[in-house]
Amino acid sequence: MGGHTTPNDYRYQQAPLARGERGSMASIDSIQKRGPGPGGWRQPELSEVIAMLNYRLDAVQLNAAAYLQHLTYQNDKVKSELRNLKGIPPIVALVDHPNKEVYFAACGALRNISFGKDPEIKSTIVNCDGAFCLVKLLRKTNDRSLIEIITGTLWNLSSNEALFKTLIERALTALTDEILVLHSGVKQSSAGAEEGKEKGTSPYPEWEKVLINTTGFLRNVSAAEIDERKKIRECKGLIDSVVHIIKSQTDPENKLTENCVCVLRNLSYHLHIEIPNHDHYKETASSMRGQRFGLGKTAVDCGCWELLCQPDLIKEYGRLLDSKNPHVLEASAGAIQNLCAGDWTCGREVRAKVMEQKSYEKMVKHLDHENELVIQAMSGALCNLALDPLHTTELGLMAVPKLMSKLPDGEGPLMYSEQTRMAVLSALYVILEDPKKTQELYKLVQLKDPDNRYSEREVRAASLVLQKLWDHKGLRRTLLKNKYKKTDFELTKKTPSNKKSKGSSEKEAPKEKGPEETTHLLQERRDSKDDPGDMNFEKGKLNLKQQQKYTHLTLLFYYGIDKVSFSVQLF
């Protein structure tokens, strides 16, 4: 566990504190004192504390729950032992206790227990109706401190992919109705009331931690599969609230903004094929003339999913490209990439809007970002912007030199990962039309050499970019004049070597399970005890998700997935 992140590795996720432990442990000690140590005090065994949870005295249950909150703070061994001793169900049962102090302590214990990498602990909590009890309590309490603990625990539970469906069924509507709609400011705004926001301050400072927890939960579960993703999009008031939070934020760096833009990026994934009657919006060369999507609609006139495509939100994504938070940059570009994917009317109009507001210039600038995930996201967004031939020339002039600079020159260490090189090659396939725009075409030629140190998919990707150039008959004379040969532009069929040069400094990647993929981490809320302390960080393991075709990128987390889609089928 570390307290700091480095510029090049921001995968450690911070999460805020909640309420400290409650009660006096002296009361616990006075109940069972077999074999006291020096001074007459003995720390109770874990099994003894679990047994106390079932006592009929409120004071005993209160102190047992508080003590378990203390014991499980950042202690995975105790959490695992607690589960093995079947101590989680009696804690969950206390969430429904009539005594406020008891259920407060039980919720605090569950928050600590639910934090961590062990999916079995999270599953145990949910399977004994933990999520149900927490949501039931959420609906009847007005205590902001308790609500913060409940939403933080739900955020922790949502980091287990296997629980996405259950958590969406049990918690989505309650979190939307009780938290987002009530405390995001969207309700007051839609009624024409003043938000009371002053420049540089949050319009809801007292509820910001709760909103961070809630949007952290949504950030995770919105990475579910298609049916659950549709349910989230269709949840009344959810998208309105998240969009409103982004618009009302003056700080593009903070955690709330980060969570919200990641939620919208996820909900934009495969939007062009998942919306109702999606064939109605599909474009052909003839249908593009005169047809127009409702980008000019007001929020009141829009359906839930249509809010994801509105011009004022596209403008916000452009504003967020000025952020210094790499998560915000990546998600903003990812949202644009998703909306621009596919041959549909909305995609064309979003591409036009992004080009009109010059957001692509910021994307090109961020191709030099120190974080590779940002480079990959910007490459993907530029790739889909260039799907409209009207934009290819303008994008090529600015982006091609930057993109080519990310490819290795055949000598020295590899400066970027395979995932980054693949994202760059995908963008070049669409954007690079004129070899006169770059003096570095030799990089593509050497990259397709099957005897070199690159993967098979990189070799094929570089070959396809070069083949596309050669297919333009008007370019062949220029290529030959620059001493390139026809064979330089032919598809490489020989199986490449998997060996890397000794001079390579490329980080070792996880074992591949499929073709196109990138990696990232999900959010999880931290646990706490009596001492507030500082923000904490926890690192997860990287995992990969298999895809059948190179038609999109999937950002797969150890705890879940944030999704980004490509529309162009390449390799």
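Since the structure is predicted, the reported quantities are computational estimates derived from the model, not experimental observations.

**Quick word on the overall build of the chain**
Each helix and strand in the chain was counted, giving 26 helices and five strands. When each of the 571 residues of the chain is scored for burial, the buried share is 58%. Of the roughly 24,300 Å² of accessible surface on the chain, 49% is carried by carbon and sulfur atoms.

**Section: the packing of helix 21 (residues 372-385) against helix 23 (residues 418-431)**
Where helix 21 contacts helix 23, the two axes come as close as 8 Å, and the packing angle between them is 20°. The angle between the axes of helix 21 and helix 23 places the two elements in the roughly parallel class. The crossing of helix 21 and helix 23 is left-handed. Packed against helix 21, whose contacting residues are E372, I375, Q376, S379, L382 and C383, the element helix 23 presents Q419, T420, A423, V424, S426, A427, V430 and I431 at the interface.

**Topic: unusual backbone geometry**
At D129, a residue that is not glycine, the phi angle is positive and equals roughly 70°. Assignment of secondary structure puts D129 in the loop between helix 7 (119-127) and helix 8 (130-140). Exposure remark for D129: the relative accessible area of 36% places this residue in the partly exposed category.

**Structural notes on the packing of aromatic side chains**
The final tally for this structure, using the stated rule, is three aromatic pairs. Taking the centre distance of 5.3 Å and the plane angle of 20° together, the rings of W470 and F489 count as stacked. Here F489 lies in the loop between helix 26 (473-481) and strand 2 (518-519) and W470 lies in helix 25 (residues 456-471), a separation of 19 residues in the sequence. Note on W470: relative accessible area 10%, which makes it buried. Its relative accessible area of 1% is what places F489 among the buried residues. Between the aromatic rings of Y484 and F489, the centroid separation amounts to 5.9 Å while the plane-to-plane angle is 75°, which identifies the pairing as edge-to-face. Here Y484 matches F489 in class, with each residue buried. Site record: aromatic cluster; members linked through ring pairs are W470, Y484 and F489. If you follow R144 out to its NZ or CZ, it ends over the ring of W207, 5.8 Å from the centre. The ring centre of Y429 lies 5.1 Å from the NZ or CZ of K468, which sits over that ring.

**A word on the environment of L85**
Summarising the element assignment, L85 is placed in the loop between helix 4 (76-84) and helix 5 (88-94). Given a relative accessible area of 38%, L85 falls into the partly exposed group. Each C-alpha atom, one on L85 and one on I50, is 8.2 Å from the other, the two residues being 35 residues apart in sequence. Not counting residues up to four positions away in its chain, the partners in contact with L85 are L46, S47 and I50.

**What to know about the nonpolar core**
For soluble globular proteins, nonpolar side chains are generally found buried alongside one another. L154, L238, L382, L428 and L444 are the most contacted members of the largest nonpolar core, which totals 148 residues. Filtering out sequence-adjacent residues up to four positions away, L444 remains in contact with M404, L407, L425, L428, L432, A462, V465 and L466.

**Considering the UniProt feature "repeat: ARM" (unreviewed entry) in the chain**
Under the present numbering, the feature "repeat: ARM" (unreviewed entry) in UniProt falls on residues 86-114. Note that residues 86-114 is 76% helix and 0% strand, and that its end C-alpha atoms are spaced 15 Å apart.

**Details of the packing of helix 23 against helix 25**
Across the interface, helix 23 lies against helix 25 with an axial gap of 9 Å and an inter-helix angle of 15°. One finds that helix 23 runs roughly parallel with respect to helix 25. In this structure, helix 23 meets helix 25 at a crossing whose hand is left-handed. Contacts from E418, Q419, R421, M422, L425, L428, Y429 and V430 in helix 23 reach R457, E458, A461, A462, L464, V465 and K468 in helix 25. Taken together, the residues of the contact of helix 23 with helix 25 break down into nine nonpolar, one polar and five charged.

**Notes on helix 15 (residues 255-267)**
Here helix 15 contains 13 residues, and its C-alpha end-to-end distance of 18 Å stays within 8% of the 18 Å for a straight helix at 1.5 Å per residue. The element helix 15 is extensively covered by neighbouring structure, given that 13 of its 13 residues are classed as buried. Measuring from the backbone nitrogen of L256 back to the side-chain oxygen at the start of helix 15 gives 3.3 Å, which picks out N254 as the cap.

**Thoughts on the side chain of H97**
By the element assignment, H97 lies in the loop between helix 5 and helix 6 (100-114). Accessibility expressed as a relative area gives 12% for H97, which makes it buried. Here N99 takes part through its backbone nitrogen, which lies 2.9 Å from a polar atom of the side chain of H97. For H97, the contacting residues outside a window of four places in its chain are D58, Q61, V102 and Y103.

**With respect to the pattern of salt bridges**
On inspection of all chains with the given rule, the structure shows 19 salt bridges. Linking D129 and R170 is a salt bridge whose minimum nitrogen-to-oxygen distance equals 3.8 Å. Linking D129 in the loop between helix 7 and helix 8 with R170 in helix 10 (residues 164-183), this pair joins segments that are 41 residues apart in sequence. Residue D368 is joined to K402 by a salt bridge in which the shortest nitrogen-to-oxygen separation is 2.2 Å. Of this pair, D368 sits in the loop between helix 20 (359-365) and helix 21 while K402 sits in helix 22 (residues 389-405), placing them 34 residues apart in sequence. Accessibility expressed as a relative area gives 41% for D368, which makes it partly exposed.

Definitions and limits used
Residues numbered from 1 in each chain as written. Predicted model: local features only at pLDDT ≥ 70, side-chain atom pairs only at ≥ 80, totals over all residues. Heavy atoms only, no water. Helix = DSSP H or I, 4+ residues; strand = E, 2+ residues; numbered from the N terminus. Buried < 20%, exposed > 50% of the residue type's maximum accessible area, 1.4 Å probe, protein only. Areas by Shrake-Rupley, 256 points an atom, 1.4 Å probe, with all protein chains shown as cover. Axes fitted to C-alpha atoms, helices over the stretch in contact; angles between N-to-C directions. Parallel < 35°, antiparallel > 145°, perpendicular 65-115°, else oblique. Left-handed = near helix turned anticlockwise from the far one by under 90°. Contact = heavy atoms within 4.5 Å. Phe/Tyr/Trp six-rings, centres within 6.5 Å; stacked < 30°, edge-to-face > 60°. Lys NZ or Arg CZ within 6 Å of the ring centre and 35° of its normal. Core = buried A, V, L, I, M, F, W, Y, C linked by side-chain atoms within 4.5 Å. UniProt positions renumbered as here; feature names shortened; annotations may be inferred. Nonpolar A, V, L, I, M, F, W, Y, C, P; charged D, E, K, R; others polar. Expected span 1.5 Å × (residues − 1). Polar contact = N/O pair within 3.5 Å; in protein donor to acceptor, adjacent residues only side chain to side chain. Salt bridge = Lys/Arg side-chain N within 4 Å of Asp/Glu carboxyl O.

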